[in-house]
Amino acid sequence: MSHLTAWPVFLPLIVGFVLLFARLGGLRLQRSLNLLAVLGLIFLSLELMRVAVSGVHQVYLLGNWIAPYGIVLVLDQFAALMVLITSVLALAALWYAIAKNIDQQGAHFHVLFQLQLFGLNGAFLTGDVFNLFVFFEVLLLASYGLLLHGSGRLRTKAGLHYVVINLIGSTLFLFAVGTLYGVLGTLNIADMAAKVAQAPADDLGVIAAAGLLLLVVFGLKAAMFPLYLWLPAAYANTSAPVAALFAIMTKVGIYSIIRVHGTVFGAQAGELAFYYAPWVLGLGLATLLLAALGVMAARGLREQVAYLVLASVATLLIGVGVNSPQALSATLYYLIHSTLIAGGMFLLADLIARGRGVHDDRFESAPIMPNAILLGSAFLFGAIAMTGMPPLSGFFGKVLILQAALDQSWYAAVLTVVLVSGLLMIVAMARSGSLVFYRTQSVAVLPGDTLNSSAFMAVAGLLIISPILVIFANPITAFTDMAALQQYDSATYIEAVLSTTAKPGVSR
Amino acid sequence: MEWLIALVIGVMTTVGVYLTLRARTFAVVLGLTLLAYAVNVFLFVMGRLTIGQPAVIDAAAIGYSDPLPQALVLTAIVIAFGMTAFLIVLALKARGELGNDHVDGLAQPSDEQPTEVKS
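Because the structure is a prediction, the values reported are computed rather than measured. (Residues numbered from 1 in each chain as written. Chains lettered and ligands numbered in written order. Predicted model: local features only at pLDDT ≥ 70, side-chain atom pairs only at ≥ 80, totals over all residues.)

A closer look at the overall build of chain B
Moving on, step 1. Helix and strand counts for chain B stand at four helices and zero strands.
Moving on, step 2. The order of α-helices and β-strands along chain B, N terminus first, is α-α-α-α.
Moving on, step 3. A burial count over chain B gives 29% of its 119 residues as buried. (Helix = DSSP H or I, 4+ residues; strand = E, 2+ residues; numbered from the N terminus. Buried ≥ 20, exposed ≤ 12 C-beta atoms within 10 Å, placed from the backbone.)

Observations regarding the overall build of chain A
Moving on, step 1. Of the regular secondary structure elements, chain A holds 21 helices and four strands.
Moving on, step 2. Against the 2.2 N^0.38 benchmark of 23 Å for 508 residues, chain A shows a C-alpha radius of gyration of 22 Å, consistent with a compact globule.
Moving on, step 3. Per-residue burial over chain A gives 60% buried out of 508 residues.
Moving on, step 4. Here the contacts in chain A between residues at least 6 apart in sequence split such that 80% fall between residues at least 24 apart. (Rg over C-alpha atoms; globule rule 2.2 N^0.38 Å. Contact = placed C-beta atoms within 7 Å.)

Observations concerning the interface of chain A and chain B
Moving on, step 1. Between chain A and chain B, the residue contacts involve 19 residues of the former and 25 residues of the latter.
Moving on, step 2. Of all elements in the fold, only helix H5 (129-147) and helix H6 (153-184) of chain A reach the threshold of two or more residues within the side of chain A that touches chain B.
Moving on, step 3. Take the side of chain A that touches chain B: its biggest share by element is 15 residues, from H6 of chain A.
Moving on, step 4. Looking at the side of chain A that touches chain B, its residues break down into eleven nonpolar, five polar and three charged. (Nonpolar A, V, L, I, M, F, W, Y, C, P; charged D, E, K, R; others polar.)

Here we look at the environment of Met-82 of chain A
All names here are of chain A.
Moving on, step 1. Among the secondary structure elements, Met-82 is positioned in helix H3 (residues 77-99).
Moving on, step 2. The class of Met-82 is buried, set by 26 C-beta atoms lying within 10 Å.
Moving on, step 3. Distance from Met-82 to Lys-251, taken between C-alpha atoms, is 8.9 Å for residues 169 residues apart in sequence.
Moving on, step 4. Excluding its chain neighbours within four sequence positions, the residues that come into contact with Met-82 are Phe-124 and Tyr-255.

A word on the pairing of strand E1 (residues 58-61) of chain A
Residues and elements named next belong to chain A.
Moving on, step 1. Burial along E1 is two-sided: Gln-58 and Tyr-60 facing one way and Val-59 and Leu-61 facing the other are all buried.
Moving on, step 2. With four bridges connecting them, E1 and strand E2 (residues 72-75) associate as antiparallel partners. Residue Gln-58 lies in a different strand from E2, and its bridge partner there is Leu-75. (Pairing = 2+ DSSP bridges.)

Things to note about the packing of helix H12 (residues 277-297) of chain A against helix H13 (residues 301-322) of chain A
All names here are of chain A.
Moving on, step 1. Two elements in contact, H12 and H13, have axes whose closest approach is 7 Å; the angle formed by their N-to-C orientations is 160°. Between H12 and H13, the crossing angle belongs to the class labelled roughly antiparallel. The interaxial crossing formed by H12 with H13 has left-handed handedness.
Moving on, step 2. Across the contact of H12 with H13, the residue classes tally to 20 nonpolar, six polar and no charged. (Axes fitted to C-alpha atoms, helices over the stretch in contact; angles between N-to-C directions. Parallel < 35°, antiparallel > 145°, perpendicular 65-115°, else oblique. Left-handed = near helix turned anticlockwise from the far one by under 90°.)

Considerations on the nonpolar core
Residue and element names in this part refer to chain A.
Moving on, step 1. In terms of nonpolar packing, the biggest core is built from 229 residues, with Leu-89, Ala-244, Leu-310 and Leu-317 touching the most fellow members.
Moving on, step 2. With 19 residues, helix H14 (residues 325-355) is the single largest residue contributor to this core.
Moving on, step 3. Other than its neighbours up to four places away in sequence, Leu-317 contacts Ala-222, Met-224, Ile-254, Val-280, Leu-283, Gly-284 and Thr-287. (Core = buried A, V, L, I, M, F, W, Y, C linked by C-beta atoms within 7 Å.)

Digging into the confidence of the model for chain B
Residue and element names in this part refer to chain B.
Moving on, step 1. Here chain B averages 84 in pLDDT, while 89% of its residues score no lower than 70.
Moving on, step 2. The least confident element of chain B, judged by mean pLDDT, is helix H4 (residues 114-117) at 44; the most confident is helix H1 (residues 2-20) at 94.
Moving on, step 3. Within the model, pLDDT remains below 50 along residues 109-119, and this stretch shows nine contacts once partners closer than five positions in the same chain are excluded.
Moving on, step 4. As scored by the predictor, the complex reaches a pTM of 0.92 and an ipTM of 0.87. (pLDDT = per-residue confidence, 0-100.)

So, H14 of chain A
Residues and elements named next belong to chain A.
Moving on, step 1. Along its 31 residues, H14 runs 45 Å from first to last C-alpha, staying within 8% of the 45 Å computed at 1.5 Å per residue.
Moving on, step 2. Within H14, 29 of the 31 residues are buried, which leaves it mostly tucked inside the rest of the structure.
Moving on, step 3. Gly-357, located one to two residues past H14, shows a positive phi value of around 60°. (Expected span 1.5 Å × (residues − 1).)

Some remarks on unusual backbone geometry
Residue and element names in this part refer to chain A.
Moving on, step 1. A cis amide bond links Phe-225 with the next residue in sequence, Pro-226, at an omega value of -5°.
Moving on, step 2. Mapping Pro-226 onto the fold places it in the loop between helix H8 (204-222) and helix H9 (230-237).
Moving on, step 3. In this structure, the amide linkage connecting Pro-390 to the following residue, Pro-391, adopts the cis form with an omega of 10°.
Moving on, step 4. Positive phi outside glycine occurs at Asn-64, with the angle close to 60°.
Moving on, step 5. Tracing the backbone through its elements, the reader meets Asn-64 in the loop between E1 and E2.
Moving on, step 6. Positive phi, close to 60°, is recorded for Asn-323, a residue that is not glycine.
Moving on, step 7. As for its placement among the helices and strands, Asn-323 is situated in the loop between H13 and H14.

Following this line, the structure appears as structure tokens:
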């Protein structure tokens, strides 16, 4: 049993605590340590990816206790993909924070950053529902600190809402976990999946209710309708690198729905097999419509990008709700695209807002910003990718999801909502782009910050991934196909986790 | 005993939900604390109610109580405690920065709505 699976969880934890003391060595030491750790994490996740591609579940027994009794970490292709996306996004966000000196605006930015990665990687790799709760709390607590990093009235207000709603979410999570434990007598995802299949008919109602309560919790994290109201304010008012990193946070909710619901209520679950999927599909459609309206109604660029994140989450929910290996594969492709491009757009919105000085990111007439042509081109590029127009990756992701939806009885509703909301978003982005870049006042003095080329590199690095996703679409979709099939094969997952034996000769 | 425990959890949850919906941060903090208490008792009960039975292996035992919910509750208590502490500090910060303790940080506080202040 190799320890490789556990390293993405332990590395950020260890580095996080080392960074706490590295404060004594000054900011430069903290920055270089953090950058090194994130680079290390990228190499580690590439190695994980290489191992996972074999298609065999890598099960790591924490403390060498065997599966239903101890806690396990499980690496499969989907988890490896999420860890890789997280580390790439983290590198760009960290690079931007350092280039713009945002890490200096408050204490412990670097420590919280690593603890955030600890929580995220833990949530992606764990094979135990209660352990998932604990990692959720870890990533949330770090995110509270990061969200409030720096300061400002609006940030504190949005932060308060974010914390309260997530605490309520944690309480609901515990209620759902408690109920499932009370009925099934286990919290290991693989064991739960096996037990649901054999559950007596009397218990199915309680299990279904607890499963839906869990869906509410994950929906809250993913910002599913009607639980998305916290997202625009929280994302629009926090600092840019944090908002960029938070692009992965909503995907944790999506991941958890696919992992927990998709496995526990998978094909083996008999009467409860995929009973949650119509809920996810319907709520995803509602979220997408409201997100498109939000994109149109936004008063500032950051708020608009926050609603675009919401729209991408809704598209992912639709992909999950369509519920077929083909749809899941399309969802994973769209997930890679939407997470990284949304992160890039948050950073770009911050660069534009800083360039406009006192006008910030509001949609109003302002003097021409420095480097308007470069920023404007990047904005056009990002807007095309986010709204899903050809030739960039958003378009291909949406086409794949719509193609998968054609087999579904709801295909008319899915097609209508996705296409209409896409049109609304294109109109809104065209309007905001022309307001910000064309309707300018001719004033000679420079209004805001000049462009920091090092910070722009982070934006360019994320946006360039979109054409890469298109050019290498064939190998990438081949991979997501494999990952989706592996996720749908819950019998193999159960078998892999429950049959892993403890390493002999190792004392506990 | 079951009905008493169920009643206690129900009452605590009701009061917790009511307080969480209040407009002042202090009431919200209290509400979340009560919700956390309710869920802790609930988790505990999910291991089934047993009296006077050991949780760890004992040669003389005739039965056992489920040790796992006890471990879960311990974790949940610690997390809820930490989160409550954080929330109180954040509520105080919001009170300082926004000038009032309304959850939405309204510009003109207490004078117009004195009935809401003390709950």
